[in-house]
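# Descriptive structure summary
This is what each chain is made of:
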Amino acid sequence: MTLATAAPIEAVERYRESVEDRAFPTVREWRARTGRMVTGCFPVYAPVELAYAAGMLPVGLFGAGNQIEMAHADSRFQSFICSIVKSTLELAFVDRLAPFDALMFESICDPARNLASVMARNFPDRHVTYVHLPQNMTSPATVDYLAGEYRRAADELGTVSGHVVGTEDLRSAIGAFNGLRARLREIYQLRASSPEKISTAELYTLARLATLTDPADSEPLIAESIATARARESRPKDRVRVVLVGSFCEQPPLELITAIEESGCYILDDDFLLGWRLFKRDIAVDGDPFRALALAYLDGSVHLSTKHDLRQPRAAALIASARAHRADAVIFLGAKFCEPGLFDYALYRKALEQEAIPHLFLEFEEKMWMYDKIRTEVETFVESMLFT
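Residues numbered from 1 in each chain as written. Predicted model: local features only at pLDDT ≥ 70, side-chain atom pairs only at ≥ 80, totals over all residues. Heavy atoms only, no water.

With parallel pairing, four strands are arranged side by side in an open sheet as β6-β5-β7-β8. The two strands at the open ends of the sheet, each matched to only one other strand, are β6 (265-269) and β8 (359-364). The sheet shows a mean angle of 35° between the axes of neighbouring strands, direction not considered. As defined by bridge partners, strand β5 (residues 240-245) adjoins β6 across four bridges and the pair is classed as parallel. Paired with Val240 across the two strands is Cys265, which belongs to β6. Where helix α10 (residues 254-262) meets the sheet, it contacts β5, β6, β7 (329-335) and β8, and its direction lies at approximately 115° from that of β6. (Pairing = 2+ DSSP bridges. Helix = DSSP H or I, 4+ residues; strand = E, 2+ residues; numbered from the N terminus. Axes fitted to C-alpha atoms, helices over the stretch in contact; angles between N-to-C directions. Contact = heavy atoms within 4.5 Å.)

Turning our attention to the nonpolar core. Counting residues in hydrophobic clusters, the biggest one holds 125 residues, and the most contacted among them are Met119, Tyr150, Ile260 and Tyr297. Beyond its immediate chain neighbours, meaning those up to four positions away, Tyr150 contacts Tyr45, Pro47, Leu50, Val131, Leu133, Phe290, Leu293, Ala294 and Tyr297. Ranked by size, the runner-up nonpolar core spans 14 residues in total, among them Val245, Ala322, Ala327 and Tyr345. (Core = buried A, V, L, I, M, F, W, Y, C linked by side-chain atoms within 4.5 Å. Buried < 20%, exposed > 50% of the residue type's maximum accessible area, 1.4 Å probe, protein only.)

We now examine unusual backbone geometry. Each neighbour pair has its own omega, and for Pro43 with Val44 the value is 20°, a cis peptide bond. Looking at the element boundaries, Val44 is found in the loop between β1 (38-41) and α3 (48-53).

Below, the discussion takes up the pairing of strand β3 (residues 102-106). In terms of residue burial, β3 counts as a mostly covered element, since five of its five residues are buried. Residues Ala102, Met104 and Glu106 point to one face of β3 and Leu103 and Phe105 to the other, with burial holding for every one of them. In this sheet, strand β4 (residues 127-131) lies alongside β3 in parallel orientation, the contact comprising five bridges. Bridge pairing in β4 places Glu106 opposite Val131. For the crossover from β3 across helix α5 (residues 110-122) to β4, the handedness is right-handed. (Right-handed = clockwise from strand over helix to strand, strands pointing away.)

The next point concerns the sheet that holds β1. Ordered in space as β2-β1-β3-β4, the four strands form an open sheet in which the pairing is parallel. For this open sheet the edge positions go to β2 (57-60) and β4, each flanked by a neighbour on one side alone. Ignoring which end each strand starts from, the neighbouring axes of this sheet average 25° apart. Bridge analysis of β1 against β2 gives four bridges, and the strand direction is parallel.

Centre-to-centre distance and the angle between the planes together describe a pair of aromatic rings. Summed over the entire model, instances satisfying the criterion amount to 11 aromatic pairs. When the ring of Tyr204 is compared with that of Phe272, the centres are 5.4 Å apart and the planes differ by 90°; the resulting orientation is edge-to-face. With Tyr204 in helix α8 (residues 200-210) and Phe272 in the loop between β6 and α11 (289-299), this residue pair connects regions lying 68 residues apart in the sequence. One exposure class covers both Tyr204 and Phe272, and it is buried. Seen in terms of ring centroids, Phe332 and Tyr345 are 4.9 Å apart; in terms of plane orientation they differ by 45°. Their pairing is tilted. With a gap of 13 residues between them, Phe332 in strand β7 and Tyr345 in helix α13 (residues 339-354) connect regions that are remote in the sequence. Of the two residues, Phe332 and Tyr345, both sit in the buried class. Three or more aromatic residues joined by ring pairs form one cluster here, namely Phe332, Tyr345, Tyr348 and Phe361. Over the ring of Tyr297 we find Lys307; its NZ or CZ atom is 5.1 Å from the centre of that ring. (Phe/Tyr/Trp six-rings, centres within 6.5 Å; stacked < 30°, edge-to-face > 60°. Lys NZ or Arg CZ within 6 Å of the ring centre and 35° of its normal.)

The next point concerns the pattern of salt bridges. This structure, assessed with the given rule, holds 28 salt bridges. Arg152 is the salt-bridge partner of Glu149, the closest N and O atoms lying 2.5 Å from each other. Taken as a pair, Glu149 and Arg152 lie in helix α6 (residues 142-161) at a separation of three residues, close to a single helical turn. Residue Arg152 is classed as partly exposed on the basis of its relative accessible area, which comes to 29%. Between Asp299 and Arg311 there is a salt bridge whose closest N-O contact spans 2.9 Å. Separated by 12 residues along the polypeptide, Asp299 in helix α11 and Arg311 in the loop between α11 and α12 (314-324) bring together distant segments of the chain. The structure contains a network of salt bridges with shared partners spanning Arg183, Glu186, Glu219 and Arg230. (Salt bridge = Lys/Arg side-chain N within 4 Å of Asp/Glu carboxyl O.)

Right, let's talk about α10 for a bit. Of all the residues in α10, the buried ones are Leu254, Leu256, Ile257, Ala259, Ile260 and Glu261. Against α8, β5, β6, β7, β8 and α14 (372-387) lie the buried residues of α10. Phi turns positive one or two residues past the end of α10, at Gly264, with a value near 115°.

The packing of two helices is summarised by the inter-axis angle and the distance between the axes. In contact at an axis separation of 10 Å, helix α4 (residues 83-93) and α5 are set at 15° when each is read in the N-to-C sense. When the axes of α4 and α5 are compared, the pair comes out roughly parallel. Remark: the crossing between α4 and α5 carries right-handed chirality. For the pair α4 and α5, contact is made by Val85, Thr88, Leu89, Ala92 and Phe93 and by Pro111, Ala112, Leu115, Val118, Met119 and Asn122, respectively. A breakdown of the residues in the contact of α4 with α5 according to their chemical character gives nine nonpolar, two polar and no charged. (Parallel < 35°, antiparallel > 145°, perpendicular 65-115°, else oblique. Left-handed = near helix turned anticlockwise from the far one by under 90°. Nonpolar A, V, L, I, M, F, W, Y, C, P; charged D, E, K, R; others polar.)

In C-alpha cells, the structure reads:
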C-alpha cells in the first residue's frame, strides 16, 4: 500500500489549498467568528504567545509564494533581496493584509529589519512591533533584557487590541502553544520513525495550517491526523533517508517538497516553519512567564541560522540530527539571496565532508513554476547513493 492509496488525512485534504491561499481564508473566517484582532508574524521566530495573550490571533507571514505579480515592492528594495521580504511587502500593497491589525518582526537579518521600517512608513495605520532578539546568549543580563523586550512588545500589542497583557494571560497563551508544539513534535517524531506513514507534503500542510489558525482549533486537527497516519499500513520503499535544512524562513513551494520526495527521498527532519515549533520542550507556566519565555529562547530552542549561539555550533547540531535520524544524506534547500542560510552552508559543507556524510545543495525562490531541474538533480543524487 502506498500513501496514494492509504486513507487520506482529512485535514490535509480540506486545507491543502487554503494554506497556500494568500487571501488568508482561515484567518478571515476566524476573525468573523470571534470578532478579535490579528497579528501577522514574520519568520523566523516571533513570540506568538504575546499576541495570543493580547487576545489576538498570531498568523505566520511567509511571503506571497508564486501567487501574485510584483508591481510595487521591487521599487522599495534592491534586486538582490530575498523574495519573501519583497513579496510580503507586495501583499500589503495589493491589500491582501487587510485582515491584519498589527505586524510583528524581529532582528533576524538586515532585510527583515528594513522590511519592518518600510512597512511602517508605507502603511502607518497598521501597527508594527519590532522585537530585538539578543545576540549575546551567555551574558548574565540576557534573560532580563529579553524578558523586558517581551514586556515592551506585549504592551504594544495590548494597546492595539485594547486588552492589557497580564501574567495569567501570558501563562494561558504559553500553555496553548505548549500543547500545539507538543503535537507538532509528535507528528515530526512519527515521520522520523515511520516516513512511509506520512509524507512531508502532508506534514507540511498540517504544520502550515498551525501558523494560520488558533491553536485551540489546530491542535485537535493535528492529533486526529496523527491517529489516521498511525493507522496506515504503508510499506517502506527503497528510498534515501535525508535531513533537509536551509528553508527556515522563506518557504519552498509545496510542489517542490513533493518533487524532492517523489525523486526518491524520505525526509526525516527539516527546518520548515521553525518559529512555530522552535522549542524542544514545554515552556514553564509557573513563575514569571516573560522570563520563562526568554529562558526558553535562550536555552530551550533548536539550532537556527538566525540565532548566533556559540554554545551550540549549528553545524554540530546538523550532524547530530543526521546521526540521530540515521540519515543517509543531507539536502541543503536554501532560498536565493538568503544571507544567513548561505553563510551557514559553508559551515555545514565543511562539517558534512569531515563526517563523510553525502550532501546536495539546492536553491529555490518563491516564484518557481518548473521543478524539472531540481527533480533531475535529486534523482541523480539518489541514484548515486543507491547504485554506487
